[in-house]
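Each chain is listed here by its residues.
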Amino acid sequence: ELPHFGSFDLVWALDDAINYLLSEEELKSALIGMRANLAPGGLVMFDLNTLRTYRTFFTERQVVEHEGSRLTWSGNANPDVAAGSICEARFEIEGGDPATAGQHRQRHFPEADVISALASAGLECLEVLGHGLDGVPRQPLDEAQHTKAIYIARAA
């Protein structure tokens, strides 16, 4: 539930924050809350992880060591994960005081579902872009090549 904070020219949620919403209803509710905080003519912008991210990074195990600490990322997803799936990964930080661990649980939202949720929230989708590891936005979105999908919308 996003409260009304005011009227803004831009309401944004970056770095896959929206992927932590696990249902289409949660997505619609978040978008309704974002729309409620828009000034006239304002924009909503957010990004989502793509299938490529869930089929690669969320399947990998990575270990990074720095100054006596170790971060371990352990993805639990399947390399053939289907669109709309919920994927999990675990991270652990050792060497800190105290040691830290956490679980990432995210949902992939297919483009058609996102556009439908935008419309249900009273938002018009203006652009759908994708970018890979280079961070350069491009059209059209290609879930197999891009790591992020970027959506830009305004009140309908």
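Everything that follows concerns the structure shown earlier in this document.
Residues numbered from 1 in each chain as written. Predicted model: local features only at pLDDT ≥ 70, side-chain atom pairs only at ≥ 80, totals over all residues. Heavy atoms only, no water.

Undergrad: Can you break down the side chain of D47 residue by residue, with the values?
TA: Structurally, D47 can be placed in strand β2 (residues 38-49). Put simply, D47 is tucked away with no salt bridge, and the nearest opposite charge, on K148, sits 4.1 Å away. In this structure the side chain of D47 is engaged in a polar contact, spanning 2.8 Å, whose partner is the backbone nitrogen of D16. Look past the residues within four positions of D47 in its chain and what remains in contact with it is A13, L14, D15, D16, I18, N19, K148, A149 and I150. (Helix = DSSP H or I, 4+ residues; strand = E, 2+ residues; numbered from the N terminus. Buried < 20%, exposed > 50% of the residue type's maximum accessible area, 1.4 Å probe, protein only. Lys, Arg positive; Asp, Glu negative; His and termini not counted. Salt bridge = Lys/Arg side-chain N within 4 Å of Asp/Glu carboxyl O. Polar contact = N/O pair within 3.5 Å; in protein donor to acceptor, adjacent residues only side chain to side chain. Contact = heavy atoms within 4.5 Å.)

Undergrad: Could you give me a rundown of the pattern of salt bridges, with the residues and numbers involved?
TA: One pass over the structure, following the stated rule, counts eight salt bridges. With its nearest N and O atoms 3.8 Å apart, the salt bridge here joins R107 to E24. Of this pair, R107 sits in strand β6 (residues 100-107) while E24 sits in helix α1 (residues 24-36), placing them 83 residues apart in sequence. In this structure E24 comes out as partly exposed when scored by relative accessible area, which is 31%. R154 is paired through a salt bridge with E124; the nearest N and O atoms lie 3.2 Å apart. In this pair, R154 is assigned in strand β8 (residues 148-155) and E124 in strand β7 (residues 123-131), connecting sequence segments 30 residues apart. A relative accessible area of 37% means that R154 is categorised as partly exposed. Using a relative accessible area of 34% as the deciding quantity, one classes E124 as partly exposed.

Undergrad: How would you sum up the pairing of β8? Please name residues and give values.
TA: Most of β8 sits out of view: six of its eight residues are buried. In this structure, β2 lies alongside β8, joined through seven bridges in antiparallel fashion. Paired with L43 across the bridge in β8 is R154. Pairing of β7 with β8 involves eight bridges; the strand directions are antiparallel. Bridged to H131 within β8 is K148. (Pairing = 2+ DSSP bridges.)

None of this, on its own, says anything about what the molecule does.
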